[in-house]
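Topology and contacts: notes
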Amino acid sequence: MSTRIELSKTGNTPFEKLIGHNPSVLEKWNELELALFNHTSLDANLMEQVRRTLAFGNRCEYCMVKGGKPDFDVKDQKIQTATAFAELFAVDHSSIQEAHFGFLKEQFTETEIAELITFITFITASQRFGKVMNLTEDLQENKVTSLAEMGDF
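Residues numbered from 1 in each chain as written. Predicted model: local features only at pLDDT ≥ 70, side-chain atom pairs only at ≥ 80, totals over all residues. Heavy atoms only, no water.

A count of helices and strands for the protein chain gives eight helices and zero strands. Secondary structure elements of the protein chain, listed N to C terminal, follow the sequence α-α-α-α-α-α-α-α. Dimensions along the principal axes, computed over C-alpha positions, put the protein chain at roughly 45 × 35 × 25 Å. Expressed as a percentage of the 153 residues in the protein chain, the buried residues total 41%. In the protein chain, the share of contacts with a sequence separation of at least 24, taken over all contacts with a separation of at least 6, comes to 65%. Accessible surface, the protein chain: about 8,700 Å² in total, of which carbon and sulfur atoms supply 52%. Of note, the protein chain has its 15 positive side-chain charges centred 5 Å away from the centre of its 23 negative side-chain charges. (Helix = DSSP H or I, 4+ residues; strand = E, 2+ residues; numbered from the N terminus. Buried < 20%, exposed > 50% of the residue type's maximum accessible area, 1.4 Å probe, protein only. Contact = heavy atoms within 4.5 Å. Areas by Shrake-Rupley, 256 points an atom, 1.4 Å probe, with all protein chains shown as cover. Lys, Arg positive; Asp, Glu negative; His and termini not counted. Charge placed at Lys NZ, Arg CZ, Asp CG, Glu CD.)

Quick look at the structure:
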C-alpha cells in the first residue's frame, strides 16, 4: 500500500516528504518540533512515553512501530499522569474537565502543563496527518518493532 499522495522530493523521511509539498510549511513544522523536544522542562522519557501513547490512540502505524507500546514504570506518577491525560486527549479531547487539570497540577507546574499539552497537540496533529495520508509501518525506517510483534493493540 502506498501513501494517498505522491511523496515530494523535499524532506528526509516519508512524513517530511508529504509535508514537503510546501517547503515553507515543512521548515516551520520541523522548527516547531525541534523547539518542543529541545526547549522544554519535561523529561525526555516522559515525552517519549506520551508520544507512544498517542501513536496508539491516533492509530498511526508509522508512529506505533517507531518505539512500540508505552513502556515505563507504572510507579512513576508523573509519566502515569501524563500518559493517562494523553490517552484521554486522543480518545476525546472535548471530555477534558477541570478535574483533569487538578490531577495534572498534582504532578506538574503550570509551565510544564502548558508544555505537555502543546506537545500532545503537536504530536496528535502529526500522527493524525500520518494516519490520514496512509503512512504505514513499512515506510518507517527507524522502527524498533512491528505491528505483528505487538499483537493486539
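Over the atoms, a rolled probe matching the size of one water molecule traces out where space is still vacant. What the largest pocket holds in volume is close to 380 Å³. As for the largest pocket, its lining consists of 20 residues, and the residues nearest its centre are Thr13, Phe15, Glu33, Tyr62 and Lys66. When residues of the lining of the largest pocket are traced back to their parent elements, those giving at least two are α1 (14-19), α2 (23-38), α4 (61-67) and α7 (110-132). Residue composition of the lining of the largest pocket, by class: nine nonpolar, seven polar and four charged. (1 Å grid on protein atoms, 1.4 Å probe; cavity = no way out; pocket = protein on both sides within 12 Å on 5 of 7 lines; lining within 4 Å. Points joined across faces, edges and corners; volume = space filled by probe spheres on them. Nonpolar A, V, L, I, M, F, W, Y, C, P; charged D, E, K, R; others polar.)

Quick look at helix α3 (residues 44-57) now. For α3, spanning 14 residues, the distance from its first C-alpha to its last is 20 Å, which sits close to the expected 20 Å at 1.5 Å a residue. Taking burial as the measure, the 14 residues of α3 include 10 buried ones, the bulk of the element. Of the surrounding secondary structure, the elements contacted by the buried residues of α3 are α2, α4, α5 (77-92), α7 and α8 (147-150). Among the residues trailing α3, Arg59 stands out with phi positive, at a value near 60°. (Expected span 1.5 Å × (residues − 1).)

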